[in-house]
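Next come the chains, spelled out residue by residue.
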Amino acid sequence: MAATGAPTRARALAELRSDDGALVSLVVDLDPRDTPTRADIGRRWHALVDAARREREGLERAGRAQFDAAVEALAAAGLTPPDGVRVRGLVAVADGGDVTETWLAQPVADRVVVGSRAAVWEIAGHAARPTSAVVIEVSRELGRAWRYQDGSVGELFDAGVHAERRHGQGGWEQADLQRWHDREARLHLRDAAERLERLRTEYGHHAIVVCGPVEATSAFSEELGPWASEHVAAVHADVRDLQTDGIRDLAEEALGELRAGREEELFEALAAQRARDASSPDDPEGLMAAVSDARVSCLLTAPALDIDVFSCPQCGRLAAHFHECPLDGTPMQKEPSGIDALCAEVLVRDGSVWIVPDAEVARALGPAGVAALTRFS
Ligand SMILES: [Zn+2]
């Protein structure tokens, strides 16, 4: 799957609607540190399904059949992540009996959303983050690369060579033999570097991690093409004999650093916007108007957030308080899940969503726990 998969999926969920308010979404934390056994996960899943069932009373009669089908489909869901993927969370959205499962490599908090929209917050936040890396191990003989994507690891290529033993053949001098081996090693590393560079067109990888003995990694670095040079995030001269778990750890570490750097840039841009622009939408009312006017390029949110959002049933405009729509005078309605409404409206207007994972850092967003970078300021 290309790295563009997550944004496309987030956008599709943001556009999903049920006029009768019968979409049912369950978000479940699968982090092994929180839920150690399958039985525990099963219990928590059924508690979420029961919580969803209790929302039936509030539904219009017209939506009940769709709602019942959704709840039954979720109750029957297998909760089996794809093979070989390190999974920490699941978002399951049921539109009648049709369930869309999105497995996430980062932790989430349990919640239930029933309404006209799908739960899209976590997936939107996930879509904006770097999630794809190439890990490559090189030596005089090795040139093996794997792709890490969202918790899963797959091999990309194996450009290994098994140097022929030329000892005793035709009276090679030791020095000639050494030069021959050095040249062969160099050609082999060049070949691996060229194969790596060709990946630029195949996937939207965010980071490259290079492992192997220092003489090989430094020679390899000199052979890298322009794209690969620019994307090397880490070189580990002390790491050998990579296995799946080690590849995951190295990729997640590199992507974690990349994410931290990206977050720092977003906060710097936010501080600059606030200093420069008196109309920076820092209160919820101004922020929701900016979202409705398609002025938000990136919505930043705290990791846990309960926010009141009202929307116009006529034109979809958002507001932080109940009033009549300024465009068409229709009385606005409270959204069952404010944060999902906000994120969906940002996504459908080509914006992105960044969830600040650290609650302490998120305080810089302001008392409402949300902030927005605008396009035209
Ligand atoms: Zn309106």
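A.B. asks: Talk me through the sheet that holds strand 12 (residues 318-319); I want residue IDs and the actual numbers.
C.D. replies: What holds strands together in a sheet is hydrogen bonding between their backbones, with the strands either parallel or antiparallel. With respect to topology, 3 strands assemble into an open sheet ordered 12-11-13, the strand pairing being antiparallel. Across the chains shown, the open sheet's two edge strands, defined by having one partner strand only, are strand 12 and strand 13 (333-334).

A.B. asks: Please provide a residue-by-residue account of unusual backbone geometry, values included.
C.D. replies: Of note, the phi angle at D150 is positive, near 55°, even though the residue is not glycine. Note on placement: D150 falls in the loop between strand 6 (143-149) and strand 7 (152-158). Positive phi is not limited to glycine here, since A294 has a value of about 60°. Its place among the elements puts A294 in the loop between helix 9 (284-292) and strand 10 (296-301).

A.B. asks: Mind laying out the domain arrangement of the chain, listing which residues take part and the relevant values?
C.D. replies: Interface size is often expressed as the accessible area that is lost when the parts come together. Here the domain parsing of the chain yields domain 1 (17-116) and domain 2 (132-260). Its C-alpha centre places domain 1 at a distance of 41 Å from the equivalent point of domain 2. In this assembly, 6 residues from domain 1 lie in contact with 5 residues from domain 2. Residue classes in the side of domain 1 that touches domain 2 are distributed as 4 nonpolar, 1 polar and 1 charged.

A.B. asks: So what's going on with the packing of helix 2 (residues 38-53) against helix 3 (residues 64-75)? Residues and values would help.
C.D. replies: At a closest axis distance of 10 Å, the pairing of helix 2 and helix 3 adopts a crossing angle of 175°. If you check the angle between helix 2 and helix 3, you find them roughly antiparallel. Here V49, A52 and R53 of helix 2 come into contact with helix 3, specifically with V71, L74 and A75. Taken together, the residues that form the contact of helix 2 with helix 3 break down as 5 nonpolar, no polar and 1 charged.

The rules behind each value
- Residues numbered from 1 in each chain as written.
- Predicted model: local features only at pLDDT ≥ 70, side-chain atom pairs only at ≥ 80, totals over all residues.
- Pairing = 2+ DSSP bridges.
- Helix = DSSP H or I, 4+ residues; strand = E, 2+ residues; numbered from the N terminus.
- Domains from an automatic or database assignment.
- Contact = placed C-beta atoms within 7 Å.
- Nonpolar A, V, L, I, M, F, W, Y, C, P; charged D, E, K, R; others polar.
- Axes fitted to C-alpha atoms, helices over the stretch in contact; angles between N-to-C directions.
- Parallel < 35°, antiparallel > 145°, perpendicular 65-115°, else oblique.

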